[in-house]
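Observations on the model geometry
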Amino acid sequence: MSKRHILAMFSNFEDAEAVIYELRAANIQGFNFDDLTLKSPIEHHEVEVVLGERPAKVQWFTLGGALMGGLLGFWLISGAQANFYAQMKGGKPIVPLPPNFILTYEMFILGGVFISILGFLICAGLPAKRSPLYSSMVSEDQIGILVKADESAIANIKKVFLNHEALEIQEEAGK
Amino acid sequence: MEKDIREDIAWAKINGDVLKSLENPRKLYWVIIFAALAVFGVGIGCEVYQYRTGMGVANLDNPHVWGLYIATFIFWIGMSHSGTLLSAILHLMHADWRKPIYRFAEAMTTFSLMTAGLFVMVHIGRLWQFYYSLPYPNERGIWPNFQSPLLWDAMAIFTYLSSSVIFLYVGMIPDLAICRDHLHPGWRKKLYTLLSLGWEGTDRQWRNFRVTYLTVACFLIPLAVSVHSIVASDFAMSQQPGWHVTSFPPYFVAGALYSGCAAIITLFIILRYVFKFEEYMTLPILKKTVRLTFAIAMVWTYLNAVEFASVWYSHDGASKDVLIQKMTGPYSFAWWGMIFCGSIVPLILAIKRFQTNIPVLLVVSLLLNLGMWLERWMIVSPTFSHGYYPWTWDHDQWPSLVQWGMVFGSFGWFTLLFMIFCKVFPSVSMYEVKEMVYHRSLHLKKDETAEQGAH
């Protein structure tokens, strides 16, 4: 069965939440709840309760990036120092840990920040092409619900949108 | 109690007002841009003259090898801490009044760091050898000293600058999408389309955005502290009298937050007028910033006292001589100026009726930063003119016009970058102001419902 997109715009979060609850409860054939996307002008914490758990994984990138950065930093510095161990150090350690800690620390942070951003881009799916249905009102004051479903389910979904007085409905042209 | 912001501002109006600021600022904007260009031109002229003639024209000699260049470098590094304070620290503390003003503070961080970096290049004279200060391995046989705070400095500032630019950019993505969606076609729209990376405000994007922003904020706080501690180590890890003080790192960090906050007040007042942001940069928010500045001013004053006391009672004759020389010698006017501007003038901020008096606050904030600049000068020069070797004692050095010109020019460079940024990118975070308005209106509704229930 071919899939189609449908987007409905609502004037506030309460309406959008009500629609999501109804779509979940309606158990419409050909519609998987995970294919529902909420688009909003601001971050809305309550959305997580409504949509169910969809965890973010950026923190794993952060951990990996920070550890990699720190290790790389220490390896570069101590590698450069040990490379020249023939250099007279007057009995002082060839790889002195306390001063090396500073640069390791800076590299730890640098790695953490850079890889977090990489993780953000990967996890958030950015950069992205404009999705097939979009309304610029999402970046102003309206809340959008974008649904991907089988062609047979679209009519039922649209009915739910209309019941909740959607301000605008956009549909992908049928194939 | 006055409200930080009205809860009934329509979200469309927030977009409209901020987008208008990108196109129609007041005429004063252009006056500032031309003044900044002229001032920057003076700096460029001085640098070209110094580059062609030699470092002698700066009147830098032995022992005065740093002069105003490094003093001003520290000043600009310090200024950069305000963005971190407002974006990261206050973000973690859920102080939502920061939302309308943190964007320009972050921009200030970035441009201050870019300005500070110039002074490192300017003071070495041989610009093409700037990269010698970067920590990279020894294949070329130049053997960088990984134990030197100067090298840590280069790495710390690079990390801070790149992280700040990323933090500023990532935090701006939802706003860039607003600009993309609501501005007329043209170069701006193309730019915003490219930079917004296809942001559509999906729940997946917001969820990951929140975690990333929080994570980077958590990194930026220790990073900012480490940057200025390392700058302090440039001094404190040397054996020079007056510098070898344990309290230097916290003293520098407090000074950095102080000058950054004072600069936020100055720019708050200017942007509020120039871009007609009276509804977003409100007087209650200004009042909170003023109170924060006052608190930090008192911390700085305390740390100053600690520094003086630790030198005075340390039985270190040379350091004590430098302190006495600061108070009574050729630099005394600047030292007392620092005490006056840094510790006496901020007392005005404690008086309630001045906490929202814009002309007074503009003057006070400029004086505070004058005091903070003098502080940095008083850290660098007096020690050089009264070191351990007696031959340094008759080397009182007065900076040449070239040095003054370059310091002057740096303000033009910073202002130019900052004002161009505010004209090209939204200097008020639209989505965060919407969040602020949304959450406050929810609270209001809850309170009203509770009140009705009680009746």
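The structure contained in this document is the topic of the report that follows. Small disclaimer: the values here were computed from a predicted structure and weren't measured. (Residues numbered from 1 in each chain as written. Chains lettered and ligands numbered in written order. Predicted model: local features only at pLDDT ≥ 70, side-chain atom pairs only at ≥ 80, totals over all residues.)

1. Focus on the overall build of chain A
Across its full length, chain A carries five helices and four strands. Mapped from its N terminus to its C terminus, chain A presents α and β elements in the order β-α-β-α-α-α-β-α-β. For chain A, whose C-alpha radius of gyration is 26 Å, the value lies well above the compact-globule estimate of 16 Å for 175 residues. Across its three principal axes, chain A shows a C-alpha extent of roughly 85 × 30 × 30 Å. In chain A, which comprises 175 residues, the share counted as buried stands at 39%. Pairs at least 24 residues apart make up 85% of the contacts formed inside chain A by residues separated by at least 6 positions. (Helix = DSSP H or I, 4+ residues; strand = E, 2+ residues; numbered from the N terminus. Rg over C-alpha atoms; globule rule 2.2 N^0.38 Å. Buried ≥ 20, exposed ≤ 12 C-beta atoms within 10 Å, placed from the backbone. Contact = placed C-beta atoms within 7 Å.)

2. Some thoughts on the packing of helix α2 (residues 28–53) of chain B against helix α14 (residues 401–424) of chain B
Residues and elements named next belong to chain B. Relative orientation of the contacting elements α2 and α14 amounts to 140°, with a least axis distance of 7 Å. When the interaxial angle is binned, α2 and α14 end up oblique. When you trace α2 past α14, the crossing you get is left-handed. Here the residues of the contact of α2 with α14 sort into 19 nonpolar, eight polar and one charged. (Axes fitted to C-alpha atoms, helices over the stretch in contact; angles between N-to-C directions. Parallel < 35°, antiparallel > 145°, perpendicular 65-115°, else oblique. Left-handed = near helix turned anticlockwise from the far one by under 90°. Nonpolar A, V, L, I, M, F, W, Y, C, P; charged D, E, K, R; others polar.)

3. With respect to the environment of valine 47 of chain A
All names here are of chain A. Position of valine 47 among the secondary structure elements: in helix α2 (residues 46–51). Here valine 47 falls in the partly exposed class, since 19 other C-beta atoms lie within 10 Å of it. Sequence separation of valine 47 and leucine 162 is 115 residues, and the distance between their C-alpha atoms is 21 Å.

4. Notes on the pairing of strand β1 (residues 3–10) of chain A
Residues and elements named next belong to chain A. Where burial is concerned, most of β1 is hidden: six out of the eight residues are buried. Both β1 and strand β3 (residues 143–150) contribute to a ladder of eight bridges, which runs antiparallel. Note that in β3 the partner of arginine 4 across the bridge is alanine 149. (Pairing = 2+ DSSP bridges.)

5. A look at the nonpolar core
Where a protein is soluble and globular, its nonpolar side chains tend to be buried together. By size, the foremost hydrophobic cluster in this structure holds 150 residues, and its most contacted members are Ile101, Met108, Val227, Tyr258, Ile264 and Leu271 of chain B. Top element by residues in this core is helix α9 (residues 248–274) of chain B. It accounts for 17 residues. Beyond its immediate stretch of four places on either side in the chain, isoleucine 264 of chain B contacts Ser82, Leu86, Ile101, Ala105 and Thr289 of chain B. Judged by nonpolar contacts, the second largest core, of 24 residues, contains Ala8, Met9, Phe10 and Phe31 of chain A. (Core = buried A, V, L, I, M, F, W, Y, C linked by C-beta atoms within 7 Å.)

6. A look at the sheet that holds β3 of chain A
Residues and elements named next belong to chain A. With respect to topology, four strands assemble into an open sheet ordered β2-β3-β1-β4, the strand pairing being antiparallel. In the strand order of this sheet, the two ends are held by β2 (36–39) and β4 (168–171), each with one partner. On average, adjacent strands in this sheet sit at an angle of 15° to one another, irrespective of strand direction. In the packing of helix α5 (residues 151–163) onto the sheet, the strands contacted are β1, β3 and β4, and the crossing angle to β3 comes to about 155°.

7. Examining the interface of chain A and chain B
By a widely used convention, the size of an interface equals the accessible area lost when the partners come together. Between chain A and chain B, the residue contacts involve 50 residues of the former and 46 residues of the latter. Those elements that provide at least two residues to the side of chain A that touches chain B are β2, α2, α3 (58–82) and α4 (97–124) of chain A. Broken down by element, the residue count for the side of chain A that touches chain B peaks at 15 residues, all from α4 of chain A. Looking at the side of chain A that touches chain B residue by residue, the class counts come to 28 nonpolar, 14 polar and eight charged.

8. Some words on helix α4 (residues 81–92) of chain B
All names here are of chain B. In a regular helix each residue adds 1.5 Å, so twelve residues correspond to 16 Å; α4 covers 16 Å between its end C-alpha atoms and thus fits that length. Burial of α4 is extensive: ten of the twelve residues sit out of reach of the surface. Listed as buried for α4 are His81, Ser82, Gly83, Thr84, Leu85, Leu86, Ser87, Ala88, Leu90 and His91. The elements touched by buried residues of α4 are α3 (67–79), α5 (102–124), α6 (149–182), α8 (203–236) and α9. Histidine 94 occupies a position one or two residues after α4 and carries a positive phi of about 55°. (Expected span 1.5 Å × (residues − 1).)

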